[in-house]
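# Per-entry structural report
One-letter residues, chain by chain:
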Amino acid sequence: TGSAPVGKMTTHRGFWKLLFLSLITFGIYPLFFYASIANDVNVICSRYDGKKTMNYWLLFFLVAPLTCGIGALVWCHRISNRIGDEMKRRNLPHAISAGTFWGWNLLGSLIVIGPFVYIYKLCRAMNTLCQDYNRYG
């Protein structure tokens, strides 16, 4: 169904790794984490859905500050949907969508652990998607 993958995608994104490296790098590691997710999603999805996720560095340093954070919310909404849609297209269990982002990351922040649940689900979804891409292209 697909062609050979362009390159091997990382399949070892993890919640605990992100949390630990976020703490010891004083919040710098998550920038690389999200930038790599955006890049991987573009490589995996773009030929099927014709979309392109905005570069995370551009979002973080320019768009989000200019839009008072609204651009970041839109970016997270869209990338969560793209990941879920691609997983659905590949017949993978798709446990992430824009609803996951809004429900767990934003509303879940009221119970403190919600954003952590979202990050866990995001890592798991990306690992599953990247494993499938590495196998089938």
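From a predicted model like this one, the values you see are computed outputs, not experimental measurements.

What follows covers the packing of aromatic side chains. The final tally for this structure, using the stated rule, is twelve aromatic pairs. With 4.9 Å between their ring centres and 75° between their planes, phenylalanine 15 and tryptophan 16 make a pair best called edge-to-face. Judged by its relative accessible area of 64%, tryptophan 16 is exposed. Through pairs of rings, three or more aromatic residues link up here, namely Phe32, Phe33, Tyr34, Tyr56, Trp57, Phe60, Phe61 and Trp75.

Its 20 residues place the ends of helix H4 (residues 70-89) 29 Å apart at the C-alpha level, agreeing with the 28 Å of an ideal helix rising 1.5 Å per residue. Buried residues of H4: Gly71, Trp75, Cys76, Ile79, Ser80, Arg82, Ile83, Gly84, Glu86 and Met87, and no others. In the core, the buried residues of H4 are packed alongside helix H2 (29-49), helix H3 (56-66), helix H5 (98-106) and helix H6 (114-136). At the exit of H4 stands asparagine 91, carrying a positive phi of roughly 60°.

Taken together, the side chains of Trp104, Leu107, Leu110, Ile111, Val112, Ile113 and Phe116 present a nonpolar region at the surface, about 750 Å² in accessible area. Examined against the element boundaries, phenylalanine 116 turns out to sit in helix H6.

With that settled, the discussion passes to the pattern of salt bridges. Counted according to the given criterion, the structure contains five salt bridges. One salt bridge connects glutamate 86 with arginine 90, and the closest N-O pair in it is separated by 2.7 Å. Note on glutamate 86: relative accessible area 4%, which makes it buried. The residue aspartate 132 makes a salt bridge to arginine 90 at a minimum N-O spacing of 2.7 Å. With aspartate 132 in helix H6 and arginine 90 in the loop between H4 and H5, this residue pair connects regions lying 42 residues apart in the sequence.

A separate point is unusual backbone geometry. The backbone of phenylalanine 26 shows a phi angle near 55°, a positive value even though the residue is not glycine. Within the secondary structure, phenylalanine 26 is located in the loop between helix H1 (15-24) and H2. The class for phenylalanine 26 is exposed, based on a relative accessible area of 78%. Of note, the phi angle at asparagine 91 is positive, near 60°, even though the residue is not glycine. Mapped onto the elements of the fold, asparagine 91 is located in the loop between H4 and H5. Looking at asparagine 91, the relative accessible area reads 71%, which means it is exposed.

How each quantity is defined
By convention here, each chain's residues receive numbers from 1 onward along its written sequence. With the structure being a predicted model, the display of local features is reserved for residues of pLDDT at least 70 and the display and counting of side-chain atom pairs for 80 or more, all residues being used for whole-chain, interface and lining totals. To get the side-chain values, take all heavy atoms of the structure and skip hydrogens and water. Note on ring pairs: Phe, Tyr and Trp rings are taken, using the six-membered ring of Trp, and paired if centres are within 6.5 Å. Classes follow the plane angle, with under 30 degrees stacked, over 60 edge-to-face and the rest tilted. For each residue, the accessible area found with a 1.4 Å probe, counting protein chains only, is set against the maximum for its type, and the residue is called buried under 20%, exposed over 50%, and partly exposed in between. Elements are defined by DSSP. Helices are runs of H or I of four residues or more, strands are runs of E of two residues or more, and each kind is numbered from the N terminus. Here the expected length of a helix is defined as 1.5 Å per residue gap, with one fewer gap than residues. Here, two residues are considered to be in contact whenever any of their heavy atoms come within 4.5 Å of each other. Surface patches are drawn from residues lacking salt bridges whose relative accessible area is over 30%; two like charges belong together within 9 Å, two nonpolar side chains (Val, Leu, Ile, Met, Phe, Trp, Tyr) within 5 Å. Note on areas: these come from Shrake-Rupley sampling with a 1.4 Å probe, and a residue is covered only by the protein chains present in the view. Criterion for a salt bridge: a side-chain nitrogen of Lys or Arg within 4 Å of a carboxyl oxygen of Asp or Glu.

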